[in-house]
Amino acid sequence: MILFYTLHLSPPCRAVELTAKALGLQLERKIVDLLGGDHLKPEFLKLNPQHTIPVLDDNGTIVSESHAIMIYLVRKYAKDNILYPTDLIGQARVNALLHFESGVLFARLRFITDRIEYVQTAYRLLEDTLADNFVAGPTMTIADFSCVSTVASLMGFVPMEKSTHPKIYAWIERMQQLPYYEEANGAGAADLAKRILLAMKANRKA
C-alpha cells in the first residue's frame, strides 16, 4: 500500500492525485491538518523535515515535493513513457513546464487578494506557452496535472476571459474530460476557493 500524506485543498497534492489516477494506483490517504499543526508534529517531521505536503511513503521509500512524487510514480509504475518522456527533448519540455508551474503559476497564489495583475500576467504567459493541445506538446504529461491543479485554483479567485485566453480554456476542457478529473482536482479547487472567500468575508466583518 502506498501511503499519501495530503490535503485535498492543496494544488500540489491534487496534481499527485491526478497522476495516481492516470496510473490506476490506489493511495491510502493520510489527511494532514495544516491548521491543526499536523505538519509540525515529530512523527511527520521524521517523514519530511521541511514540514510540507504532499509526502509519499511507498513501502518505506519517502518522497516529498509534488513534482518529485509524480516523476517517481511514473518511473516506477507507468507501463509506458507518455506521462514523463524518457527522451531528452521531451523530458526537458516537461521539466520546463514543471518549473513554470512552481515558479510562476503556483507562486502567484499568494497574490490572489491584492495583486491580481500578477495572476493575470501568469495567465498570459500560459496562453502564450500553449502551442499544442497540452502544455508540453501534443500528448498529456504530468506537467498538465501540475499546471491544471494550480490554474483551477487561481480561477476560483481571479476570473479569466475566454475571449483573451482561448487556448487555456480549450486545454482545461480537454483535462476536464478525464473521468477522474472532478474527483482528483475539480472538487478540491472549488472547495479551496469557497473556504478562502468565506475567510476573507469574515475578516472584513471583524
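Refer to the preceding data block for the structure.
Since we're looking at a predicted model, the values are computed, not measured.

Chemist: What am I meant to see in the overall build of the protein here?
Modeler: When its secondary structure is counted, the protein shows eight helices and four strands. Starting at the N terminus, the α and β elements of the protein follow one another as β-α-β-α-β-β-α-α-α-α-α-α. Over its C-alpha trace the protein gives a radius of gyration of 17 Å, about what one expects of a compact globule, namely 17 Å for 206 residues. Seen through its principal axes, the protein has C-alpha atoms that stretch 50 × 45 × 30 Å. Residues classed as buried in the protein amount to 47% of the 206 residues present. For the protein, the exposed surface amounts to about 10,600 Å²; the carbon and sulfur share of it is 56%. Averaging the coordinates of the 22 positive side-chain charges in the protein and doing the same for the 22 negative ones gives two points 4 Å apart.

Chemist: What am I meant to see in the side chain of H67 here?
Modeler: Within the element layout of this structure, H67 appears in helix α3 (residues 66-77). Setting aside residues up to four positions removed in sequence, H67 forms contacts with L98, E101, S102 and S146.

Chemist: How should the sheet that holds strand β3 (residues 55-58) be read in this particular structure?
Modeler: In sheet architecture, strand pairing relies on hydrogen bonds along the backbone and comes in two forms, parallel and antiparallel. Taken in spatial order, the four strands line up as β2-β1-β3-β4 in an open sheet, and their pairing is mixed. Sheet topology places β2 (27-31) and β4 (61-64) at the edges, where each strand pairs with a single neighbour. Here the strands of the sheet are splayed against their neighbours by 20 degrees on average, with no regard to which way each runs. Of the strand pairs in this sheet, β3 and β4 are connected by four bridges, and their pairing is antiparallel. In the sheet register, D58 faces β4, and the bridge partner there is T61. Along the sheet face, helix α1 (residues 11-23) touches β1 (2-6) and β2 and points at about 150 degrees away from the line of β1.

Chemist: Even after reading the chapter, I still don't get the packing of aromatic side chains, so can you show me in this structure?
Modeler: Ring pairs (aromatic) are described by centroid distance and by the angle formed between their planes. Enumeration according to the criterion identifies two aromatic pairs in this entry. Look at Y5 and F44: their rings are 6.0 Å apart centre to centre, the planes differ by 70 degrees, and that puts the pair in the edge-to-face class. With Y5 in strand β1 and F44 in helix α2 (residues 42-47), this residue pair connects regions lying 39 residues apart in the sequence. One exposure class covers both Y5 and F44, and it is buried. With centroids separated by 4.7 Å and ring planes inclined at 85 degrees, the aromatic side chains of F111 and Y118 adopt a geometry described as edge-to-face. Geometry around F134 places R174 over its ring, the cationic atom sitting 5.9 Å from the centre.

Chemist: Would you take a moment to explain the nonpolar core for this structure?
Modeler: For soluble globular proteins, the rule of thumb is that nonpolar side chains tend to be buried together. Core analysis: the largest hydrophobic core is formed by 64 residues, its most contacted members being L56, L126, M140, I142, F145, W171 and M175. The residues touching M140, leaving out its near neighbours within four places in the chain, are I82, L83, F134, F145, M175, L178 and Y180.

Chemist: I would appreciate a short explanation of helix α4 (residues 88-105) in the present structure.
Modeler: For an α-helix, the turn length of 3.6 residues means that residues three or four places apart are oriented alike. The terminal C-alpha atoms of α4 lie 24 Å apart, and with 18 residues this matches the ideal 26 Å at 1.5 Å per residue to within 8%. Those residues of α4 not exposed but buried are G90, V94, L97, L98, F100, E101, V104 and L105. Seen end-on, α4 carries its buried residues on one side only, within an arc spanning 165 degrees. Those residues of α4 that are exposed and aimed more than 90 degrees away from the buried face are L88, I89 and H99.

How each quantity is defined
- Residues numbered from 1 in each chain as written.
- Predicted model: local features only at pLDDT ≥ 70, side-chain atom pairs only at ≥ 80, totals over all residues.
- Heavy atoms only, no water.
- Helix = DSSP H or I, 4+ residues; strand = E, 2+ residues; numbered from the N terminus.
- Rg over C-alpha atoms; globule rule 2.2 N^0.38 Å.
- Buried < 20%, exposed > 50% of the residue type's maximum accessible area, 1.4 Å probe, protein only.
- Areas by Shrake-Rupley, 256 points an atom, 1.4 Å probe, with all protein chains shown as cover.
- Lys, Arg positive; Asp, Glu negative; His and termini not counted.
- Charge placed at Lys NZ, Arg CZ, Asp CG, Glu CD.
- Contact = heavy atoms within 4.5 Å.
- Pairing = 2+ DSSP bridges.
- Axes fitted to C-alpha atoms, helices over the stretch in contact; angles between N-to-C directions.
- Phe/Tyr/Trp six-rings, centres within 6.5 Å; stacked < 30°, edge-to-face > 60°.
- Lys NZ or Arg CZ within 6 Å of the ring centre and 35° of its normal.
- Core = buried A, V, L, I, M, F, W, Y, C linked by side-chain atoms within 4.5 Å.
- Expected span 1.5 Å × (residues − 1).
- Arc of directions from axis to C-beta.

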